[in-house]
Amino acid sequence: MAVPETELDRLKARRVTLIYRLDLISQGARLSYEDGTPVDMASEKSRLEDEVTRLDRKITVMGPAAGQA
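Described below are features of the structure shown in this document.

Observations regarding the overall build of the protein chain
Along the protein chain, the regular secondary structure elements total two helices and zero strands. Sorting the 69 residues of the protein chain into buried and exposed places 19% on the buried side. Long-range pairs, those at least 24 residues apart, make up 61% of the contacts in the protein chain with a sequence separation of at least 6. Surface summary for the protein chain: the accessible area is close to 5500 Å², and the carbon and sulfur share equals 55%.

Considering the pattern of salt bridges
Applying the stated criterion to the full structure yields five salt bridges. In this structure, Arg 10 and Glu 7 form a salt bridge, with 3.1 Å as the shortest nitrogen-oxygen distance. Here the residue Arg 10 and the residue Glu 7 both occupy positions in helix 1 (residues 7-26), the gap between them amounting to three residues, near one helical turn.

Comments concerning the nonpolar core
Among the nonpolar cores identified, the biggest contains eleven residues, and these are Leu 8, Leu 11, Leu 18, Leu 22, Ile 25, Val 39, Met 41, Leu 48, Val 52, Leu 55 and Ile 59. Of all the elements in the fold, those that place two or more residues in this core are helix 1 and helix 2 (41-62).

Considerations on the environment of Asp 35
By secondary structure assignment, the location of Asp 35 is in the loop between helix 1 and helix 2. Residue Asp 35 is classed as exposed on the basis of its relative accessible area, which comes to 64%. A polar contact of 2.8 Å, which involves the side chain of Asp 35, links it to the side chain of Thr 37.

Let's talk about the environment of Thr 37
Within the element layout of this structure, Thr 37 appears in the loop between helix 1 and helix 2. Exposure remark for Thr 37: the relative accessible area of 38% places this residue in the partly exposed category.

A word on helix 1
Because an α-helix packs 3.6 residues into every turn, residues spaced three or four apart end up facing the same way. Spanning 20 residues, helix 1 covers 29 Å between terminal C-alpha atoms, matching the ideal 28 Å at 1.5 Å per step. Three or more residues of helix 1 are buried, namely Leu 8, Leu 11, Leu 18, Leu 22 and Ile 25. All buried residues of helix 1 project into a common sector of 95 degrees when viewed along the axis, lining one side. With respect to the buried face of helix 1, the exposed residues turned more than 90 degrees away are Val 16 and Tyr 20. Against the buried residues of helix 1 lie helix 2.

Criteria and cut-off values
Residues numbered from 1 in each chain as written. Predicted model: local features only at pLDDT ≥ 70, side-chain atom pairs only at ≥ 80, totals over all residues. Heavy atoms only, no water. Helix = DSSP H or I, 4+ residues; strand = E, 2+ residues; numbered from the N terminus. Buried < 20%, exposed > 50% of the residue type's maximum accessible area, 1.4 Å probe, protein only. Contact = heavy atoms within 4.5 Å. Areas by Shrake-Rupley, 256 points an atom, 1.4 Å probe, with all protein chains shown as cover. Salt bridge = Lys/Arg side-chain N within 4 Å of Asp/Glu carboxyl O. Core = buried A, V, L, I, M, F, W, Y, C linked by side-chain atoms within 4.5 Å. Polar contact = N/O pair within 3.5 Å; in protein donor to acceptor, adjacent residues only side chain to side chain. Expected span 1.5 Å × (residues − 1). Arc of directions from axis to C-beta.

Structure (structure tokens):
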């Protein structure tokens, strides 16, 4: 029987995905929209960094109290 995924688990998984994307950007990845228009990678990097910071705060609030992990 599978263990149900919690909101905290989903947030942590989302954070890992965003960090992976940031790593790809740092390695020179280029993205484009479906119509072929290039994505502004500096803006995308900034957006992802902001989202990771937001998730870090949310995960900290939702996580176990210190000493209970």
